[in-house]
Amino acid sequence: MARLNGTAFTCQCGSDDCAAELSAEQIGARCARVVLHVVVREETLDGTADTPAVLDGFGPISAEHVREIAGRSDVVARDLDLGDLLDHQAQPGNAYRPSATLDTVVRALFGMCTWPGCAEPAFVADLDHVCEYNHRDPAAGGPTCLCNLNPKCRFHHGLKTCAEGWVDDQIVDAHGVIWTEVSTPEGFTVRQQALNTWLLPEVGLIPCQHAPIGAGTARVTRPESGHAENGPRRAKSRTEAKHAYRMARRAANRRIREQEAARTLAQEGTPPF
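This structure is a prediction, so every number in the text was calculated from the model and none was measured. (Residues numbered from 1 in each chain as written. Predicted model: local features only at pLDDT ≥ 70, side-chain atom pairs only at ≥ 80, totals over all residues. Heavy atoms only, no water.)

Structural notes on the confidence of the model for the protein
- Per-residue pLDDT for the protein averages 83, and the proportion of residues at 70 or more is 88%.
- This model gives residues 216-232 a pLDDT under 50, and the stretch forms 26 contacts once residues within four places in sequence are excluded. (pLDDT = per-residue confidence, 0-100. Contact = heavy atoms within 4.5 Å.)

As structure tokens, then:
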């Protein structure tokens, strides 16, 4: 209660020779620290706009509230330059790890675990390569890119990775809106928009810098030489076979979506109406 009230926290033993040392620094070092992540547009902070902000794990908060938070002495503010994503999205020298900018943008954009019905906050979730990253041949797998990363809580990350029959996908439509889609083993498909698209509408318009997914070159290691050469595709491991199956499922689902969109357009007619 003393900490909550901001009053001195002192020993109440009543002894005149009490040697207890309970300075604010010592108490602070023992207390649990709670870190709250708030994502806000710069024009809201400087007062030129009143666009709401997002408090991780809670949702939208008013411009007045976020400006009050920003004025606290214990706040650490970090500028996020989306232009950095045009130069590189993965860490230099490690194509599997997202850059600090990409990591923050993905968490801010989705806001929570992307598995349908899960509300685990994004900033305590894992970042998952939707189309699995191929460590043996990175160009043949899913890239470390805004179009292929989303947050998943530890449970649903493990479910997607290990359980059979679950396939997820991520789509960026023509308007730059990012969607996630999860297909269940029973054949149900749930599609949802990135939660905080309203706060960061320009993010989905950032162009990808990678080659088409699955464009890698098949390689085989020949026993007599021990050197990797272009040639017939070697037998896949169990993990590689699972990833190839999921890539095929995603491609099939995308073809179905395109066919449905074409039928809808044909039924509604073409402009002018």
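From this point, the discussion proceeds with the structure in view.
Some words on the sheet that holds strand β10 (residues 189-193)
- The strand order across the open sheet built from three strands is β8-β9-β10, with neighbouring strands paired in antiparallel fashion. The open sheet is flanked by β8 (167-172) and β10, the only strands paired with a single partner. Ignoring which end each strand starts from, the neighbouring axes of this sheet average 20 degrees apart.
- Across five bridges, the pairing between strand β9 (residues 178-183) and β10 is antiparallel. The partner of W179 across the bridge, within β10, is Q193. (Pairing = 2+ DSSP bridges. Helix = DSSP H or I, 4+ residues; strand = E, 2+ residues; numbered from the N terminus. Axes fitted to C-alpha atoms, helices over the stretch in contact; angles between N-to-C directions.)

A word on the pairing of β9
- Most of β9 is tucked away: five of the six residues are buried.
- Pairing analysis gives six bridges linking β8 to β9, with the strands arranged antiparallel. Within the sheet, the bridge partner assigned to D169 lies in β9 and is E181.
- Connecting β8 to the antiparallel partner β9 that follows it, the hairpin turn spans five residues, and G176 within it adopts a positive phi of roughly 80 degrees.
- Between β9 and β10, which pair antiparallel one after the other, the connecting turn spans five residues, and G187 there sits at a positive phi close to 100 degrees. (Buried < 20%, exposed > 50% of the residue type's maximum accessible area, 1.4 Å probe, protein only.)

Some thoughts on the state of the cysteines
- Within this structure, the stated rule accounts for zero disulfides.
- Of all cysteine sulfurs in the structure, the one in C208 sits closest to C145, which takes part in no disulfide; the separation is 3.6 Å. (Disulfide = S-S within 2.5 Å.)

A short note on the packing of aromatic side chains
- In this structure the tally under the stated criterion is two aromatic pairs.
- Ring geometry for W115 against W166: centres 5.4 Å apart, planes inclined by 50 degrees, an arrangement best described as tilted. Taken as a pair, W115 in the loop between α6 (100-110) and β6 (126-129) and W166 in the loop between α7 (154-162) and β8 lie far apart in primary sequence, 51 residues in all. The same class applies to W115 and to W166, which are both buried. (Phe/Tyr/Trp six-rings, centres within 6.5 Å; stacked < 30°, edge-to-face > 60°.)

Some details on the sheet that holds strand β3 (residues 59-61)
- Taken in spatial order, the three strands of this open sheet run β1-β2-β3, and their pairing is antiparallel. The open sheet terminates on both sides in strands that have one partner only, identified here as β1 (38-39) and β3.
- Pairing geometry for β1 and strand β2 (residues 53-55), over two bridges, is antiparallel. Across the sheet, the residue bridging to V39 is V54, located in β2.

Brief notes about a negative patch on the surface
- Side chains of E42, D46, D79, D81 and D87 sit close together on the surface and give a patch of like negative charge.
- Inspection of the secondary structure puts D79 in the loop between α4 (63-70) and α5 (84-87). (Patch = residues over 30% accessible without salt bridge, like charges linked within 9 Å, V, L, I, M, F, W, Y side chains within 5 Å. Areas by Shrake-Rupley, 256 points an atom, 1.4 Å probe, with all protein chains shown as cover. Salt bridge = Lys/Arg side-chain N within 4 Å of Asp/Glu carboxyl O. Lys, Arg positive; Asp, Glu negative; His and termini not counted. Charge placed at Lys NZ, Arg CZ, Asp CG, Glu CD.)

A few points about the nonpolar core
- One finds V106, L109, L146 and V203 to be the most contacted residues of the largest nonpolar core, which totals 19 residues.
- For this core, the leading source of residues is α6, giving six residues.
- Sequence-distant contacts of L146, defined by excluding residues within four places in its chain, comprise Q89, L102, V105, V106, L109, Q170, I178 and V203.
- Ranked by size, the runner-up nonpolar core spans six residues in total, among them C113, C118, C153 and W166. (Core = buried A, V, L, I, M, F, W, Y, C linked by side-chain atoms within 4.5 Å.)

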